[in-house]
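# Architecture and fold: a report
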Amino acid sequence: MPGTLPLSGRNLTLARLRAALSADQRITLTADARARIRASRKLVDQLRHDPTPHYGINTGFGILAHQRVPPADIEKLQENLILSHAVGVGAEVPAEIVRLMLLLKVNGLAVGLSGVTPRVVDHLLRFYNADALPIVYTKGSLGASGDLAPLAHMVLPLLGLGDMHFKGHRRKATAVLRKLGLKPLRLQSKEGLGLINGTQFMSAYAVHCLLRIENLAKTADIAAAMTLEAARGSAAPYDARIHAARPHQGQIDVAKNLRQLLRGSKILPSHADCAKVQDPYSLRCVPQVHGAVRLAIAHARAVVATEINSATDNPLVFPDGDIVSGGNFHGEPLAFILDYLAIATAELASIAERRIYMLLHGDTIGDLKVPRLLMKDTGLNSGFMIPQYTAAALVSENKIFAHPASVDSIPSSLGQEDHVSMGSISATKLLEVVQNTETVLAIEFMCSAQALEFLRPLKSGRGVEAAFEEVRRCIPFAQADRLFHHDVQTALALVRSEQLATAAERAAGQLL
């Protein structure tokens, strides 16, 4: 059995999420979380006939917050809220991110300040555990007042509306509910607002992308080490003393990884007396550049860890009976780090593309020569010239995606929501940057593995050699031009699978 991830609203971490997603664990609520949800709901029920206006409980929403809604219409108000806000457009959100949205919404409700009934949470738990995933669209959220449009689509199936992916098919929500033995819910006061106010769209993208970027950071170090060997560069810039003199932790960690990966190299001493004095920055400054990316990851990880254990809807129902309207739904903290991660991840691709370009020049050191374009019979063959074009195109596209969405704001709700984060746009473009960067690193592995072949019988460092063998297990040496598209896709699958990092660590020890 894969086990269960208990959600309490208090102790969810990226490490726990990674383990749960890898093992396909089911999710459940802790007893304490369920008790908090019940207590919060009891407080809301006591206000059903209260003459005092309480936002979202007996009033309209947004600019309509000052309009009272009679008790007889409160349930219809909640249904209308979901229907009117389900206006998402664009591509469908990837299934793995929709699953995270469900999980994170349950964990946010588990904080116990949202005033929903336990049955709503139980339906969301069933959706997640049965892999019954609502169809959600990527565009329509402003990243403030919550991710209203995407979350509305996520909860439409609770009402028996919308479509879902279930058992490999797109089906009507009503049909999926019948398969699960569930009935459509009639939402009660506050529940609609509690479900669609929140940052779970942005948070789900942040978690998904962070987990991939963490792998990218380690994999990029391996790619750089392999390119250094293939280009017969110097490992002197990775000397621990240099990095102790400028002790940013990311820089120190990357330099240590590189030294570890290069340990045992026969290539490095073979050209110790060559005429080269210094390498280009794309080799020499790997610790400084990759290390700065790791600092961005550390900052993002801290923000996300807080966000996924927070109540981000409005108003909040406190245990003392106070119901207070605030702005925890505003996505600015996430918008900033999503933009920051896009910039940082784009830099991994940028420096990797420069290393690819450098490799294509070949070299003529000693008896072992690396030919231009990494192929001997060029002219008849283009060699690895064109994969570099693809890498350059992706790096250029990343520059567009790295422009921060969070610097923009367009007022909505007739000016009531006069400043928004646009964090949802930060989220979706970050995924594009991650995918592009994975592909650029895949191309770097193709090129550096090809170049290393010309240096045989000399072997590279133990960690590099293990990664090289993993590449060669799937992608053979290219004697002549072939359909390199297939090689790119194969290398990309290797990067995403984390097999390269696993192989390198098995040979060289745990990397940071």
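Located above this text is the structure these notes cover.
Let me sum up the structure you'll find in this document. As the structure is a computational prediction, the values presented were derived from the model and not from experiment.

## Observations concerning the overall build of the protein chain
Summing up its helical and strand segments, the protein chain has 20 helices and nine strands in all. Its C-alpha atoms give the protein chain principal-axis dimensions of roughly 90 × 50 × 45 Å. Expressed as a percentage of the 512 residues in the protein chain, the buried residues total 57%. Residue pairs in contact within the protein chain that sit at least 24 positions apart in sequence constitute 79% of those at least 6 positions apart. Averaging the coordinates of the 54 positive side-chain charges in the protein chain and doing the same for the 47 negative ones gives two points 5 Å apart.

## Considering the pattern of salt bridges
A full pass over the atoms with the stated rule returns 27 salt bridges. Note that D122 is salt-bridged to R34, the shortest N-O span being 2.9 Å. Here the residue D122 occupies a position in helix α5 (residues 118-129), and R34 occupies one in helix α2 (residues 31-45), the gap between them amounting to 88 residues. Classification of D122 by relative accessible area gives partly exposed; the value is 28%. Judged by relative accessible area, R34 falls into the partly exposed class, the value being 22%. Taking the shortest distance from any N to any O, the salt bridge between K190 and D313 comes out at 2.9 Å. Taken as a pair, K190 in the loop between α7 (173-180) and α8 (191-196) and D313 in the loop between α14 (286-307) and β8 (316-317) lie far apart in primary sequence, 123 residues in all. Under the relative-accessibility criterion, D313 is labelled buried at 4%. Among the ionic contacts, a cluster of salt bridges with common partners joins R18, E214, R301 and E498.

## With respect to the packing of helix α15 (residues 332-360) against helix α17 (residues 423-453)
One way to put it is that α15 packs onto α17 with a least axis distance of 8 Å and a crossing angle of 20 degrees. As judged from the angle between their axes, α15 and α17 are roughly parallel. For α15 against α17, the interelement crossing comes out left-handed. Residues belonging to the contact of α15 with α17 are distributed by class as follows: 19 nonpolar, five polar and five charged.

## A word on the packing of aromatic side chains
If you walk through the whole model with that rule in mind, you get three aromatic pairs. Plain terms: the ring middles of F201 and Y205 are 5.0 Å apart, the flat faces sit at 55 degrees to each other, and that makes the pair tilted. Highlighted residues: F201 and Y205, both in helix α9 (residues 200-230), separated by four residues, approximately one helical turn. When its relative accessible area of 0% is taken as the criterion, F201 is described as buried. Lying across the ring of Y128, R99 places its NZ or CZ 4.0 Å from the centre. Positioned above the aromatic ring of Y357 is the side chain of R354, whose terminal nitrogen or guanidinium carbon lies 4.5 Å from the ring centre.

## So, a positive patch on the surface
On the surface, K256, R259, R263, K266 and R462 cluster together to form a positively charged patch. As for its placement among the helices and strands, R263 is situated in the loop between α11 (249-262) and α12 (267-270).

## Focus on the packing of α9 against helix α18 (residues 462-474)
Running from amino to carboxyl end, α9 crosses α18 at an angle of 100 degrees, the nearest separation of the two axes being 9 Å. As the angle between them shows, α9 and α18 are arranged roughly perpendicular. Where α9 approaches α18, its residues I222, A225, M226 and E229 are matched on the opposing element by V464, A467 and F468. Its residues assigned to classes, the contact of α9 with α18 shows six nonpolar, no polar and one charged.

## Section: the side chain of S145
Take S145: it is sitting in the loop between β5 (137-139) and α6 (148-155). Of the residues examined, S145 reaches a relative accessible area of 9% and is grouped as buried. At 3.5 Å, the side chain of S145 forms a polar contact with the side chain of E417. When residues no more than four places from it in sequence are discounted, the contact partners of S145 are I196, N197, F329 and E417.

## As for the pairing of strand β7 (residues 169-172)
Sheet analysis places strand β6 (residues 163-166) next to β7, joined by four bridges and oriented antiparallel. Looking across to β7, one finds that M164 is bridged to R171.

## Considering the environment of S310
In this fold, S310 is placed in the loop between α14 and β8. For S310, a relative accessible area of 19% gives the class buried. Considered as a pair, S310 and V440 are 130 residues apart in the sequence and their alpha carbons are 36 Å apart. Within polar-contact distance, the side chain of S310 engages the backbone oxygen of T306 at 2.5 Å.

Conventions adopted
Residues numbered from 1 in each chain as written. Predicted model: local features only at pLDDT ≥ 70, side-chain atom pairs only at ≥ 80, totals over all residues. Heavy atoms only, no water. Helix = DSSP H or I, 4+ residues; strand = E, 2+ residues; numbered from the N terminus. Buried < 20%, exposed > 50% of the residue type's maximum accessible area, 1.4 Å probe, protein only. Contact = heavy atoms within 4.5 Å. Lys, Arg positive; Asp, Glu negative; His and termini not counted. Charge placed at Lys NZ, Arg CZ, Asp CG, Glu CD. Salt bridge = Lys/Arg side-chain N within 4 Å of Asp/Glu carboxyl O. Axes fitted to C-alpha atoms, helices over the stretch in contact; angles between N-to-C directions. Parallel < 35°, antiparallel > 145°, perpendicular 65-115°, else oblique. Left-handed = near helix turned anticlockwise from the far one by under 90°. Nonpolar A, V, L, I, M, F, W, Y, C, P; charged D, E, K, R; others polar. Phe/Tyr/Trp six-rings, centres within 6.5 Å; stacked < 30°, edge-to-face > 60°. Lys NZ or Arg CZ within 6 Å of the ring centre and 35° of its normal. Patch = residues over 30% accessible without salt bridge, like charges linked within 9 Å, V, L, I, M, F, W, Y side chains within 5 Å. Areas by Shrake-Rupley, 256 points an atom, 1.4 Å probe, with all protein chains shown as cover. Polar contact = N/O pair within 3.5 Å; in protein donor to acceptor, adjacent residues only side chain to side chain. Pairing = 2+ DSSP bridges.

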